[in-house]
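Structure assessment
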Amino acid sequence: MSGVEENLPPPPPNPPGGFVPQQVPQPIQQSTEGPLAPRILPMKRPGKGQSGRPIKLLSNHFSVAFSNLQDSFHYNVTISSDRGPITNKTLLRKIMDKVKEVYGQTELNGKEFAYDGEKSMFTVGALPQNNIECTVLIGEEASGSGAGDNGRKKMRRDDRAEKFKVEINFAAKISMKSLEAVLGGDVSDKCQDALRVLDIILRQHAARKNYLLVRQSFFHWSFAPLVDLGGGVQGCKGYHVSFRPSQKGLSLNMDVSTTMLIKHGYMMDFLLENQNARQPWDVDWLKARRVLKGIRIKAVHTNMEFKILGFSENKCKEQLFSLKVRNPNGQDTESPPKTIEVTVLDYFMNTKGMTLRYSADLPCVDVGRPKRPNYLPIELCEILPGQRYTKGLTTAQRSSLVEQSRQKPDDRMVVLQKAMVANDYNSDPLLRACNINVNKQLMTIDGRILDPPKLKFGQGEETPQRGRWNFNNKTMVQPAEVKNWALVNFTRSHENECRRIADDLKRCCERKGLKFDLVGQIFCENPRDMHANPVDRVDRMLNQMKSRLSQPPVFLLCLLPERKTSALYGPWKKKFLSENGIVNQCIVPSKKMNDQYYTNVALKINAKVGGLNSILSLEHNSSVPRISSHPTIIIGMDVSHGSPGHGDTPSIAAVVSSREWPLISKYRASVRTQSRKVEMIEALFKPKPSEQDGKMVDSGMIKELLLDFYKTCKTSTFGRKPIQMVIFRDGVSESQFDQVLNVELQAILKACDHIETGYRPKVTLIIAQKNHHTKLFQANDPANVLPGTIVDTQICHPRNFDFFMCPQNGMIGTSRPTHYHVLLDENNFGVDIIQNLVHALSYVYQRSTTAISAVAPINYAHLAATQMQQFLKAEDLSESASRSGRGEGSVASGGGNIPELPKLHIKVCDSMFFC
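Definitions and cut-offs
- By convention here, each chain's residues receive numbers from 1 onward along its written sequence.
- Thresholds applied to this predicted model are a pLDDT of at least 70 for local features of residues and 80 or more for the giving and counting of side-chain atom pairs; totals over whole chains, interfaces and linings are not thresholded and use all residues.
- Hydrogens are left out, water is left out, and the side-chain values use all remaining heavy atoms of the structure.
- For helices the rule is a DSSP run of H or I covering at least 4 residues; for strands it is a run of E covering at least 2, with both sets numbered from the N terminus onward.
- The rule is simple: take the accessible area with a 1.4 Å probe, protein chains only, and divide by the maximum for that residue type; under 20% is buried, over 50% is exposed, in between is partly exposed.
- Contacts were defined at the residue level, with two residues in contact if any of their heavy atoms lie within 4.5 Å.
- Only rings of Phe, Tyr and Trp enter the pairing, Trp through its six-membered ring, and a pair is recorded when the two centres are within 6.5 Å. The plane angle decides the type: under 30 degrees is stacked, over 60 is edge-to-face, the rest tilted.
- Whether a charge lies above a ring is judged from NZ of Lys or CZ of Arg, which has to be within 6 Å of the ring centre and within 35 degrees of the ring normal.
- Confidence scores labelled pLDDT are given residue by residue by the predictor and lie between 0 and 100.
- The pairing criterion is simple: DSSP has to find at least two bridges between the two strands.
- The span one expects for a helix is its residue count, reduced by one, times 1.5 Å.
- Polar contacts here mean pairs of N or O atoms no more than 3.5 Å apart (in protein, one a potential hydrogen donor and the other a potential acceptor; neighbouring residues in sequence count only if both atoms are side-chain atoms).
- Whenever a helix is involved, its axis is fitted only over the stretch in contact; in every case the axis is a line through C-alpha atoms, and angles between N-to-C directions fall within 0 to 180 degrees.
- By definition in this entry, angles of less than 35 degrees are roughly parallel, angles greater than 145 are roughly antiparallel, angles of 65 to 115 are roughly perpendicular, and the rest are oblique.
- Only Asp, Glu, Lys and Arg are considered charged in this grouping, and only Ala, Val, Leu, Ile, Met, Phe, Trp, Tyr, Cys and Pro are considered nonpolar; every other residue, Gly among them, is considered polar.

1. Thoughts on the overall build of the protein chain
- Of the regular secondary structure elements, the protein chain holds 18 helices and 44 strands.
- Counting only residues that meet the buried cut, the protein chain has 55% of its 915 residues in that class.
- For the protein chain, restricting intrachain contacts to residue pairs at least 6 apart in sequence, the fraction spanning at least 24 positions comes to 72%.

Written out as structure tokens, the structure reads:
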């Protein structure tokens, strides 16, 4: 456990009249023995908020009227042919369309159906039979056009039809009454099944318009002009659409969405652009295979389509394959054909009589099967349009995508209205069969504007205006002190320029109250080291520092050559946060280094070295409702997964918690690796036998944070252990709420009970969702909604306690509210206290002088996970790094072959190193 002493005395008993463990529910024990404990359900909405002033808003929800919903029936669909299983969804949909055409009035009894493109279909009302078998004929896809197809007979699409066997078997009856029950405020597990049926109808509606389907988002290059993102990648706009249960009844949520496409055209043109290569022979073919495997192409000489398997090991002029040939001039036709070995180049140039300009010295494209290759020269391959690019984007591509995806609120509303008219959902036969009618106008809803919290600075207080405040004439409320510090320069800047930067930063810090000595030493990288491995560059810089310093500095300012993309960042952070225990700040010198720039850097430095820039006035006066009066720990939890294209990277779980109660603006973090792509946090409670006496000890994250709270608590009037917990969980979908309540929360409570038998703080558990599709608009203003906008009516859940909040001042694009779900409130805070607390916690983010879109603890957890992800990148960069050779520098995590994070140094583990 990073930096927390294990021999602390046990927490003191609770005060008379205070928290009594026996008076609250005990933790659910998820034991494998005996009966299972009852499952906790999300709490019911206790009422509606009253704080703030009312305002009329619009939302991108469309009212849905329905009547007499009939039950739906789910059928399993199995489609087979002589050539084996069918996986092409376009072909599968074509087959099912043929089934409807041929058997629609007989076996299907005239019923419309929704087909998901895989193995399920749904009807409104039952089919006449539970089991139906039928056969359809479809014009066969063309096959065989490359070298290595062993002389297979060439067939054009219209030469003959292929026979497909279709089996339709009853699977389940889906009660649509469950949807009505949920809309009426009841709890029903079957509601998601009913909504799934309706969403599949929407997918089928889009598929028939030839949209590219990505879950519930639909794209087409005719929807809006494609946007060039660089590297052969294009942004394609479309829309997300789904049905949602709400207080106002069923609604259709539609939003503008964007996905990435591989640029249509010749494959070599794409590869040169994707890899920024000048000539075909400069292409990295291993990288090309990772990017293009599975992509559909067209052979330009035959117009036949294929899917890329990979590339040949040899060049086109050297790659051999077996070709069956008969005797020349057709003589002796009765003798069997001979098999000869020819190169792909010879086959296309001599047998096919084609001229190839540059393919001879390049690999061939393999469009065959793993044990049956089929080769095409690369210049004959054209990438087909409308294919998603699923690999990770570069920083430049990501920035371009964000820039191009921005839409002003009024522009977004116009696009949505046009999309609603163009799709004309009320004409869909299945939606008509469901008696569903969609209103084509944006829904009008009621909202409120919460008053901003007053902030305390070093000199005086201020109420932010429009979600912002200026730090120019202010000082920090708790300025720290930096005495012995040094500057490290990895750029080409001269030492004099580095000293100017150090002096400018010092003057800015002192104006804000942060005591900052003159820079002690400046270390510039040897120009000969600039092309070395990033890990080696950091090691050599450290050696230079050790040779010139008599004692290590308490702070380092590091000048990096590139913003965000520098390969030095991970090795640098690992070296000084894990191995040397020195708080540091990285910046990239630029021409924009004005006073505002230095102020932002100063805010980060002060938070990292133990200070606070601003806090809530209520926090300063110990008068935060229900928080300041009882020891309360505020927790933020998040899991960061590897980026697209890096599927083998383990996930990083981060949990941050408040410290120095009654403060709620200062945090520390606990971070672990865990199984990749696993969203539930695995190491909240982690019992294991002690090496000394074999007794079970907890090495989990919650114990680490509770002991830190106990150690830093500033008062013992009520005891130094938290009586109340407020937990914010980020990054989970509604389908995972049950796991958060009945797995993660129970692990947290077990960690509490393990510290002291019977210790059971009351919990308020809140989920924050940023990846949703609800937008809010002002009814009579083209600008974004005002900071502090909150909605907890009409478009919110008909039963559960949820609300949308927009604390930030959206200057660019359309503001996205954060969707909060209060799953549990054992503290009985009530609606207004929770909503005002969430709003206030959006103002305590120490890196910023603006309110942020979600509460600070969640943003800190995300920062901590992202920063520690860099440690793993540093491991990958180090040629000598060994997963098993870290010894004392490891912390427990996931299990199996999951690499463990290096342990944070004891000097920095309690700091806001992530800020």
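2. Comments concerning the environment of M811
- Mapped onto the fold, M811 is located in the loop between β43 (801–806) and β44 (818–825).
- Taking the C-alpha atoms as reference points, M811 and K408, 403 residues apart in sequence, are found 9.5 Å from one another.

3. Description of the packing of aromatic side chains
- Counted under the stated rule, the structure contains 21 aromatic pairs.
- Aromatic side chains F801 and F803 sit 6.3 Å apart centroid to centroid with 50° between the ring planes, which places their arrangement in the tilted category.
- Residue class for F803 comes out buried when judged on its relative accessible area of 0%.
- Three or more aromatic residues joined by ring pairs form one cluster here, namely Y667, Y845, Y860, F913 and F914.
- We note R720 situated over the ring of Y710; from NZ or CZ to the ring centre the distance is 4.5 Å.

4. A few points about the confidence of the model for the protein chain
- Across the protein chain, the average pLDDT comes to 88, with 89% of residues at 70 or higher.
- The low-confidence segment residues 150–159 (pLDDT under 50) makes 19 contacts with residues lying over four places distant or belonging to another chain.
- This model gives residues 879–895 a pLDDT under 50, and the stretch forms 36 contacts once residues within four places in sequence are excluded.

5. As for the pairing of strand β35 (residues 651–658)
- In terms of burial, β35 is a largely internal element, 8 of the 8 residues being buried.
- Because side chains alternate across β35, one face comprises the buried residues S651, A653, V655 and S657, and the other comprises I652, A654, V656 and S658, equally buried.
- In this structure, strand β34 (residues 632–640) lies alongside β35, joined through 6 bridges in antiparallel fashion. In the strand pairing of β35, I635 is matched with S657.
- As defined by bridge partners, β35 adjoins strand β36 (residues 667–674) across 8 bridges and the pair is classed as antiparallel.

6. Quick look at helix α13 (residues 595–608)
- With 14 residues, α13 should cover 20 Å at 1.5 Å per step; its first-to-last C-alpha distance of 20 Å lies within 8% of that length.
- Within α13 the residues assigned to the buried category are Y598, T599, V601, A602, L603, I605, N606, A607 and K608.
- Considering only its buried residues, α13 is in contact with α10 (495–511), β29 (515–516), β31 (555–559), α12 (569–579) and β32 (583–587).
- Two to three positions downstream of the cap, the backbone nitrogen of Q596 sits 3.3 Å from a side-chain oxygen, assigning the N-cap of α13 to N594.
- Of the residues one or two after α13, G610 is the one with positive phi, at around 110°.

7. Observations concerning the sheet that holds strand β22 (residues 381–383)
- If you walk across this open sheet you meet the 4 strands as β14-β22-β15-β16, and the pairing is antiparallel. What marks the edges here is a single partner per strand, and that holds for β14 (265–266) and β16 (304–307).
- Across 4 bridges, the pairing between strand β15 (residues 296–299) and β16 is antiparallel. For R296, the partnering residue across the bridge sits in β16 and is K307.

8. Topic: the side chain of S651
- With respect to the element layout, S651 can be found in strand β35.
- Here H641 takes part through its side chain, which lies 2.7 Å from a polar atom of the side chain of S651.
- In contact with S651, other than residues within four places in its own chain, are V639, S640, H641, R672, T673, Q674, S675, R676, K677 and V678.

9. As for the packing of α10 against α13
- Following both chains from N to C, one finds α10 and α13 inclined at 70°, their axes separated by 9 Å at the closest point. Considered as vectors, α10 and α13 are oriented roughly perpendicular to each other. Here α10 contributes R500, I501, D504, L505, C508, C509 and R511 to the contact with α13, which in turn contributes D595, Y598, T599, V601, A602 and I605.
- Along the lines of polarity and charge, the residues of the contact of α10 with α13 split into 8 nonpolar, 1 polar and 4 charged.

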